[in-house]
Structures are given as C-alpha cells and as structure tokens.
Amino acid sequence: MKTSATMLRAIVIDDNEEIRQKNCTLIKTNCPNINIIGQADSVESGVKIIRELSPDLVFLDIEMPDGTGFDLLQKLSPITFKVIFITGYEDFAIKAFRFSAIDYLLKPLNPTELVEAVTKAEELLNKDIFDMKLSNLFANLERPKSLQKLVLKTSDKIYSVNIQDIVNCESDKNYTTFYFINAPKLVVSTNLKEYENMLTPFNFFRTHQSHLINMAYFDHFIKTDGGNTIMMKNKTAIPLSVRKKEEFLILLENLQV
C-alpha cells in the first residue's frame, strides 16, 4: 500500500490479547498510513477509548465477553468513524455484512484482505454513506429473511433495496444490472457471481452465464424451440443455458410439490 498523505488514527478492539497484538503487528507492517492510537478488550473499554480518542477507524471484534461489536456501535450512535469488523466465525452474520456492503475480515487476518479493507475505508470519505450501510446492517440482523435489504452502489448513488423487489439481474462483464418489479433499473460495478452467492438462498436461480432470476417472479417456461426461454411475470424473457436446463426443471418440479 502506498503511504497516504493523511494518516488514519485507528483503535483495535479484541478480547483476546494475543490475537489483538498480532493484528496490531499486521496492521503496522502492511498499512503504513494507519497509526494505532489505542486498544481495548471489551465493549465497555472500547466505548470508553473511542469516546476519549475519537479515532478515524476502528478494527472491531464481533464477539466479546460483555457483548458484541454491534452493541458497542449502538452505544456510540451516531458513528463518527469508519469500522472494519473482525470475526472468527465465517458464518456469523456474514450475509448481513455482504448485503450491507460493509467490510469484514476473518481471523486470522490475511494481509492482502487487510490492505484492501483499509483502502476502501480510506476512500469512504462521505460519512452519510457509511451511516446508511451501518443502518442497513443493523436492520438486516433483525429482519426476517423475507424482508432483507441489499445495498447497491451505482456510479453516483448508494441504494438500499428490498431483495424481494428484485425480478432479475443481468451481467455485462464486470457490471450487473438489477431489474425491479416497480422501480427503475440500477447498474453496479460488481460481477454477477458475487450476487449469485448472496441471493441464491433467497430463491434466486442462475439460469445462464449472464442471468440470475428471482423465482418469485417466474411465470412460465417455453418448451418449444429447444426449451431455452423463461418468461417472468413482468414479461421479460430470460435465456436458459443448456447446462442449466436439467437443474431448472428439477427446481420447477419441487416448486409444484
């Protein structure tokens, strides 16, 4: 990482002292633009030191003896600093992080992923953007699956959308276009594979290399001409690849049970 003209003042919070010290060493070694100004080992001590030192960035453990990193942030609202979550549990609220476009790192820290997360934090100069992402994260942790929201960043704005309002997604190289049931389309600079991983548990199906559909809006399947067209409830025609046809037909049979 190139040294930034502006140093970011950071606090590292983790209840395990050995892990905390290792993380501090990794940060100092790989991120020369980060100045670690303090450490904490609990929610209570973390809240205290953040209030005292007003950092730019906090590396925040999720599970601690006296609560979670989420509890800590809720005690400090509004948030005036950037946050990179650190967790030892790969499945712990990971979907919520991804949907909210908030960075997290898995223990043990990977230097490359650490540098990438810090770089993103540096670029996130608009505090309102992070506040919106954080609000979306908190809400997703409490919402039932049917009401989950996804943060989408276009070239000039950031949106929080209802997952169940997405009809289909279409890829064009490294860009993905989202189509909605009652809203204008949105184009984001993230490839379709990432959204496939997030949305498949929400009844989405990858029909083709360039297409992902929400089965809630499936209308009918055209069997003629080789059977390679799916019609959605909004009259959109979606191609079905040959290699995905058998899997899709099995899915339709299960929907009828």
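## Re the pairing of strand β11 (residues 175–180)
As paired strands, strand β10 (residues 166–172) and β11 are joined by six bridges and run antiparallel to one another. Residue C169 lies in a different strand from β11, and its bridge partner there is F178. Hairpin connection, β10 to β11: the antiparallel pair is bridged by two residues, and K173 has positive phi, about 60°. When β11 meets strand β12 (residues 186–188), the two strands line up antiparallel, connected through three bridges. Residue T177 lies in a different strand from β12, and its bridge partner there is V187. The hairpin turn running from β11 into β12, its antiparallel successor, is five residues long.

## Examining the pattern of salt bridges
Two side chains bearing opposite charge may form a pair once their charged atoms approach each other closely. Applying the stated criterion across every chain, the model contains six salt bridges. K193 serves as the salt-bridge partner of E196, at 3.6 Å between the closest nitrogen and oxygen. Placement of both E196 and K193 in helix α7 (residues 192–199) is noted, with a separation of three residues, approximately one turn of the helix. Owing to a relative accessible area of 14%, E196 belongs among the buried residues under this scheme. Residue E196 pairs with R206 through a salt bridge whose shortest N-O separation is 2.6 Å. Of this pair, E196 sits in helix α7 while R206 sits in strand β13 (residues 204–208); the two residues are ten residues apart in sequence, bridging distant segments of the chain. Accessibility classification places E196 together with R206 in one group, the buried group. Salt bridges sharing common partners tie together D14, D61 and K107.

Quick notes on the rules
Residues numbered from 1 in each chain as written. Predicted model: local features only at pLDDT ≥ 70, side-chain atom pairs only at ≥ 80, totals over all residues. Heavy atoms only, no water. Pairing = 2+ DSSP bridges. Helix = DSSP H or I, 4+ residues; strand = E, 2+ residues; numbered from the N terminus. Salt bridge = Lys/Arg side-chain N within 4 Å of Asp/Glu carboxyl O. Buried < 20%, exposed > 50% of the residue type's maximum accessible area, 1.4 Å probe, protein only.

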